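# Results of the structural survey
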Amino acid sequence: MIRLISLLFLSFLALIPIRAQQIDHVQGELLVQLSANLSVRDWYKDFQRQHPAYPIQLKRCVVRSSNIWLLTFDYHTINENRLLALVNQQASIVHAQLNHLVELRATIPNDPEFNQQWQYINTGQTDGTPNADLDAELAWDFTVGGLSAMGDTIVVCVIDNGIDIDHPDLLPNLWINHAEIPDNGLDDDGNGFVDDYEGWSVGTNNDDIEGGSHGTSVTGIVGARGNNNIGVSGVNWNVKLMLVRNDFNTDEADVLEAYSYPLEQRKRYNATNGAEGAFVVVTNASWGADNLFPEDAPLWCSFYDTLGVHGIINVGATTNSNIDVDIAGDLPTTCTSDFLISVTNLDANNNKVPNAGFGSISIDIGAYGDRVWTTQNGGYGPFPGTSAAAPHVAGAIGLLYAADCPDFIQTAKQSPSTGALLAKQFILDSAVPTPAIQNTTLTGGRLNLFNVLQETLANCGACLDPSDLDVNSSTENSATLSWVQFNNHTRIDLRWRAVGAPFWNNIQEVSAPLELTDLTACTDYEFQLKGYCAGEELAFTPSLEFLTEGCCDIPADIVMSDINFESAILDWSPVPVANSYTVRFRQNPTDTWTQFTTISTFFPLINLMPCTDYQLQVRTNCAGSISDFSPIINFNTLGCGGCLDLPYCTDFDLDADEEWIESVRIHTLTNMSGNDDGYGDYTDFAPLQLDVGQSYSIALEPGHSGMMWAEYFLIWIDFNQNGTFQSSEVIFDPGNSFNQTVNGTISIPANAPLGNTRLRVGMQFLSAGGPCFFSEGLGEVEDYCVNIIDPNACDPPTMLTRTDASPTTLSLEWPDVPNAESYLFRYRPTATTAWTSLTAADNTLSLNDLDTCATFEVSIQSNC
């Protein structure tokens, strides 16, 4: 009995050292943090001198800003605990420790349909490749989203066609504008949107965001509530989802308005340090326009820069067509903004989905979107396309803002644009190389949530260049510079010089704002900044250039106003160093310039000729120098009749790529116009003479580039000559659409007002529109001048114009008056009483032997 007990005891003792020796750290490695300004080389030499029996080696710097280093030693010959104790005894050591192993953990939500979300954990459940996934369970061990490291409520804005607002997996995460009182008809928070309690709907101008299944699925990918024992999980479990409803059959104006809503909320958040607005970090657009390029939509593309300046990254889904968008075009994914991430679609085998766009310049990254399982209206189901790929990237942006990195959030608050660009960099730099898109996307890789968070944390506290360099103001001899200095900067140096100068002026330890003085007027300067962090010195930033005041600039903002029959007003912005200005104008490019000098920026032009085309330029005169003349401004005086004098609407947004007005035939008018790219202005043709009480034959021919579409034609005449077309002024309506020439007649009412007015021909696909608004945007408009006359009347001549002039001669012309056999013409110098009379046999007349530089008044009468 005693013998047995002894054996058991000995066996128990034998187990103790085995359990105690389980490895929980990397053998032969120490982590040490040195004092802030201590050189690791100096410490290393000093330690080796004091303790030669403990040879160590420097392996690498782990965190430069915190002066943390990894050391190695031979653990076979050196007792690690003794070495650790010796290192900790050093006064220059802040902390020292073993390099412990960290085990991978898998945070998996309890949502019952999570196992169908192969994009998070791919076990081959959809015949995919195991591990072709986002490594979501590893990422969620870091964070499941919702709050930043500084307590900000993270908001992702989904711009789509609405959502199932009562969906149990979405409702808990919907963003609410608590500063707004719902349905009271007031803009309670003063953000420019009335009753935007649950978000914003562009089409209805309220917060009615309930709607399409597409938006429900997209929103669920970004942020369906996770681990709630319901349905599925989003990339973020707890993020707030801002919804902007902008249905797909829309236009760019609605696109810009939709983006303006998250912009306004983030701007208010930045301005009030979080007291108002929302911390919107990303928008998602799972929609777009095929075959368009950035030059087609400069406002749309540049708006991403505007969003980015205030801290919002934007994600766009590329086309669901197997095309190279760099060649074929696509919006928004070919926009060149640094604040846009363009996404293509991958399947469960890491292959690009066949019907997904690509482009080595424009498409940044791939993400999973091949029938991923997500929320649907009233339930759950598969959702395919690039529309599903993009919100995974948008969700990843929201997730990385929740990483445990206060330095990143502090940076994003000090310089929102820098935070947004860092977020994009973390996404792209962490992409997993993927052969299927290696040469057809910018990164050649796919999204991985775990890598994104590792990349974010690895760069936590990184020493960044000073950002947002700007020149707040400048004078002739000074300039005030500004920039953002981050919290971990220990020092900022500045250097500046005149552009092209051989040497820099250097200033150490500067802070913003900084005024530079003793500068030279009208000179280009540049400045650069260098940042320092603990133990790290950065290179100088790229130059920001600025021009001091005092240049003899060409006048800008030149405006013509109050244009009348014989006068007009000219106005422009003052040039600070101007002594005077030179104004010159002429009737046409062959005439000599008439020139005046003025000290005012307000200049009246007088003694002009009615119905005459003029050209005009302005120049600045300074002490010792003069500017170039401004670009030529063309204007036309009144007196040409209502057709040209009245402000008719002509700003159409019509697409004539596939259909247009090929020809117009009305009475004696025949115009084989062809494609005018949406609008043809033919008011410079001789006016078409139309008699009151008469009818005229017409023939309107459509043109097509391919299929012969059915087109609807309308003709208007502005009978009341007020500059607008009314429904009562439609003089031709065939009652149907046709794909061939439309023949008919127009009738001029017997009581129609006489005179010069405008005729408009409008053509639109399938249905009538216009005369100023065309809802479908497919077709074309053409304008003509008509002169409505009474053949039995003896009308006075109209539109008297000058055809030639010299110091002593003048030639005049006017349209022929029906029934006129001759014309009685009289003229006299102004302010005199005696007329000189002449008779003209036709509609032209020449006057000779006139006084030089004199002003005359003329009168003409028809003789029928």
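Residues numbered from 1 in each chain as written. Predicted model: local features only at pLDDT ≥ 70, side-chain atom pairs only at ≥ 80, totals over all residues. Heavy atoms only, no water.

On the surface, a cluster of negative charge is contributed by Asp 251, Glu 252, Glu 295, Asp 296, Asp 651, Asp 653, Asp 655, Asp 657, Glu 658 and Asp 677. Its location among the elements puts Asp 296 in the loop between strand S9 (289-290) and helix H7 (298-309). What makes Asp 296 partly exposed here is its relative accessible area of 43%. (Patch = residues over 30% accessible without salt bridge, like charges linked within 9 Å, V, L, I, M, F, W, Y side chains within 5 Å. Areas by Shrake-Rupley, 256 points an atom, 1.4 Å probe, with all protein chains shown as cover. Salt bridge = Lys/Arg side-chain N within 4 Å of Asp/Glu carboxyl O. Lys, Arg positive; Asp, Glu negative; His and termini not counted. Charge placed at Lys NZ, Arg CZ, Asp CG, Glu CD. Helix = DSSP H or I, 4+ residues; strand = E, 2+ residues; numbered from the N terminus. Buried < 20%, exposed > 50% of the residue type's maximum accessible area, 1.4 Å probe, protein only.)

As enumerated under the stated definition, the model contains 36 aromatic pairs in all. Here the aromatic rings of Phe 652 and Tyr 679 are separated by 5.4 Å at their centres, their planes lie at 55°, and the arrangement is tilted. Of the two residues, Phe 652 sits in the loop between helix H13 (642-645) and strand S34 (659-666) while Tyr 679 sits in strand S36 (residues 679-681), which places them 27 residues apart along the sequence. Put simply, the rings of Tyr 269, Phe 279, Tyr 401, Phe 408 and Phe 426 touch in pairs and so form one group of aromatic residues. When the ring centre of Tyr 532 is taken as reference, the NZ or CZ atom of Arg 491 above it lies at 4.3 Å. (Phe/Tyr/Trp six-rings, centres within 6.5 Å; stacked < 30°, edge-to-face > 60°. Lys NZ or Arg CZ within 6 Å of the ring centre and 35° of its normal.)

A separate point is the sheet that holds strand S1 (residues 25-34). As summarised here, the arrangement of the four strands in space is S2-S3-S1-S4, forming an open sheet in which the pairing is antiparallel. Since the sheet does not close on itself, it has two edges, and those belong to strand S2 (57-63) and strand S4 (93-100), each with one partner. Across this sheet, the average inter-strand angle for adjacent strands is 30°, counted without regard to direction. Two elements, S1 and S4, share six bridges in a ladder whose sense is antiparallel. Residue pairing across strands places Leu 30 opposite Leu 98, the latter belonging to S4. Strands S1, S2, strand S3 (68-72) and S4 of the sheet are contacted by helix H2 (residues 40-50), whose axis makes an angle of about 145° with S2. Of the strands in this sheet, S1 and S4 touch helix H3 (residues 80-88), which is tilted by about 160° from S4. (Pairing = 2+ DSSP bridges. Axes fitted to C-alpha atoms, helices over the stretch in contact; angles between N-to-C directions. Contact = heavy atoms within 4.5 Å.)

Attention shifts here to the pattern of salt bridges. The tally for this structure, following the rule as stated, stands at 13 salt bridges. Between Arg 49 and Asp 46 there is a salt bridge, with its nearest N and O atoms 2.5 Å apart. Taken as a pair, Arg 49 and Asp 46 lie in helix H2 at a separation of three residues, close to a single helical turn. Judged by relative accessible area, Asp 46 falls into the partly exposed class, the value being 27%. The partner of Arg 245 in a salt bridge is Asp 247, and the shortest N-O contact between them spans 3.3 Å.

Next up on the list: H3. An α-helical segment advances 3.6 residues per turn. Residues three or four places apart therefore align on the same side. For H3, the complete set of buried residues consists of Glu 80, Leu 83, Leu 84, Leu 86 and Val 87. Taken down its axis, H3 places every buried residue within 160° of arc, on the same side. One side-chain oxygen at the N-terminal end of H3 lies 2.9 Å from the backbone nitrogen of Asn 81; it belongs to Asn 79. (Arc of directions from axis to C-beta. Polar contact = N/O pair within 3.5 Å; in protein donor to acceptor, adjacent residues only side chain to side chain.)

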